[in-house]
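Chain by chain, the residues run as shown.
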Amino acid sequence: MTLEQSKHTLLNKRILVIVAHPDDEGFLMSGMAYLNAQAGGQTTLICATLGEKGTSHLSYPVTPKQMKSIRKRELMNATRYAKFSKVYILNFPDGGVKQQQISFSKQCEVILKRVQPELVISFGPDGMTGHRDHIACWHAARALSKKYSLPFYMATPAPRRHTSIVKALLRQRVNPHYDDIVPYQPATVKIPVRRSFKRRVLRLYPSQTNVSRKRTTPSVTGLFTAEYFALMK
Ligand SMILES: [Zn+2]
């Protein structure tokens, strides 16, 4: 099976996605969720935080409390557009998920038992950007997929970008919640996505992204025209 044909392993499935912040799913899995829904599958999202520490691209100042409600509204709009079937917001503190790893993993487990997914998708050990909240998602997803014997797919950048993106990502860092980036996982699944779809999803996050800017995260990671996942062995 080539990388191009591999998308069928992720579509028409009951999928549980675990991410840390509103917009993580937009960057990494929105195309997958949309195509999964079109194929008859269901994608449930767990979002650990409401991203109140996210830098605001808004032209007016907002408090962390206001940021939470802005990002919650954006998350609901973007996930509706990308046809996620259900969204669980756990409301852990942004930047503080790792410190509450046990409680976070337990809450994910309760939802996993309810959803009964056929597979789990989250970050890899790289956390894509090295963000510690992302890496906490990886820990939770890996442990649960092992415990329940479920295939675990980790979001990974476009293969052609695996070495070039690290510098760009390091330049973008705006807060102290990051670790070093460990090597990316080689992709085993490629989901082709329409650039117009991805741009539309990310436009639903005006507080986070300016898609007309040149070096946005999806252009740096090569995820504007396809999404890539690596099956954990
Ligand atoms: Zn994030």
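Residues numbered from 1 in each chain as written. Predicted model: local features only at pLDDT ≥ 70, side-chain atom pairs only at ≥ 80, totals over all residues. Heavy atoms only, no water.

Undergrad: Could you give an account of the packing of helix α4 (residues 101-115) against helix α6 (residues 132-147), naming the residues involved and the relevant values?
TA: One way to put it is that α4 packs onto α6 with a least axis distance of 10 Å and a crossing angle of 50 degrees. In terms of their interaxial angle, α4 and α6 are classed as oblique. Between α4 and α6 lies a crossing whose hand is right-handed. Packed against α4, whose contacting residues are Q101, F104, S105, C108, E109 and L112, the element α6 presents A136, C137, H139, A140, L144 and K147 at the interface. The residue makeup of the contact of α4 with α6, split by class, is seven nonpolar, three polar and two charged. (Axes fitted to C-alpha atoms, helices over the stretch in contact; angles between N-to-C directions. Helix = DSSP H or I, 4+ residues; strand = E, 2+ residues; numbered from the N terminus. Parallel < 35°, antiparallel > 145°, perpendicular 65-115°, else oblique. Left-handed = near helix turned anticlockwise from the far one by under 90°. Contact = heavy atoms within 4.5 Å. Nonpolar A, V, L, I, M, F, W, Y, C, P; charged D, E, K, R; others polar.)

Undergrad: Before we move on, can you summarise the environment of Q101 with the specific residues and values?
TA: Summarising the element assignment, Q101 is placed in helix α4. In the structure, Q101 is positioned 92 residues away from T9 in sequence and 29 Å away in space, judged by C-alpha atoms. Apart from residues no more than four positions distant in its own chain, Q101 is found in contact with A136, H139 and A140. Side-chain polar atoms of Q101 contact the backbone oxygen of A136, separated by 3.0 Å. (Polar contact = N/O pair within 3.5 Å; in protein donor to acceptor, adjacent residues only side chain to side chain.)

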